[in-house]
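Architecture and fold: a report
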Amino acid sequence: MSGSDETQEKELLQQLQQSMKALDDVCEPADIPSLASLESRVREQRRIKHKANLVEMLCFWLVALMVITLGTLLFVSAPAVYLGIQVLGTAIAIIAAALWFVRHRKETVHHE
């Protein structure tokens, strides 16, 4: 490296440093939160998520209990209707699975 290259490099480095100082003067410093405030925020978010999960689980159990109760009442009061619903649901599930399998197989054949 020649001496002129070194001086050009030093000048460029000096200009870059001056530009960085100018940017630092223009830009406001970032407000970095403390570790304690971040931990408290995380604890608060976990508490909120835990509470939401509890409410969701309670709703799930209530709906499940209602469905079981209604199914039991239906079976006790009208077994034929209950069994008809069970057979119909099973038949629909089997037909839907068969249709999905056929469609999936056709798509696989078309892609090959």
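This is a predicted model, so every value here is computed, not measured. (Residues numbered from 1 in each chain as written. Predicted model: local features only at pLDDT ≥ 70, side-chain atom pairs only at ≥ 80, totals over all residues. Heavy atoms only, no water.)

1. A word on a nonpolar patch on the surface
On the surface, M57, F60 and W61 cluster together to form a nonpolar patch covering roughly 380 Å² of accessible area. Note that F60 resides in helix α2 (residues 35-77). (Patch = residues over 30% accessible without salt bridge, like charges linked within 9 Å, V, L, I, M, F, W, Y side chains within 5 Å. Areas by Shrake-Rupley, 256 points an atom, 1.4 Å probe, with all protein chains shown as cover. Salt bridge = Lys/Arg side-chain N within 4 Å of Asp/Glu carboxyl O. Helix = DSSP H or I, 4+ residues; strand = E, 2+ residues; numbered from the N terminus.)

2. Topic: the pattern of salt bridges
Summed over all chains, the structure comprises one salt bridge. One salt bridge in this structure joins R47 and E44, with 2.6 Å as the shortest N-O distance. Linking R47 with E44, this pair stays in helix α2, spanning three residues, or about one helical turn. Using a relative accessible area of 46% as the deciding quantity, one classes R47 as partly exposed. On the basis of relative accessibility, which here comes to 35%, the residue E44 falls in the partly exposed class. (Buried < 20%, exposed > 50% of the residue type's maximum accessible area, 1.4 Å probe, protein only.)

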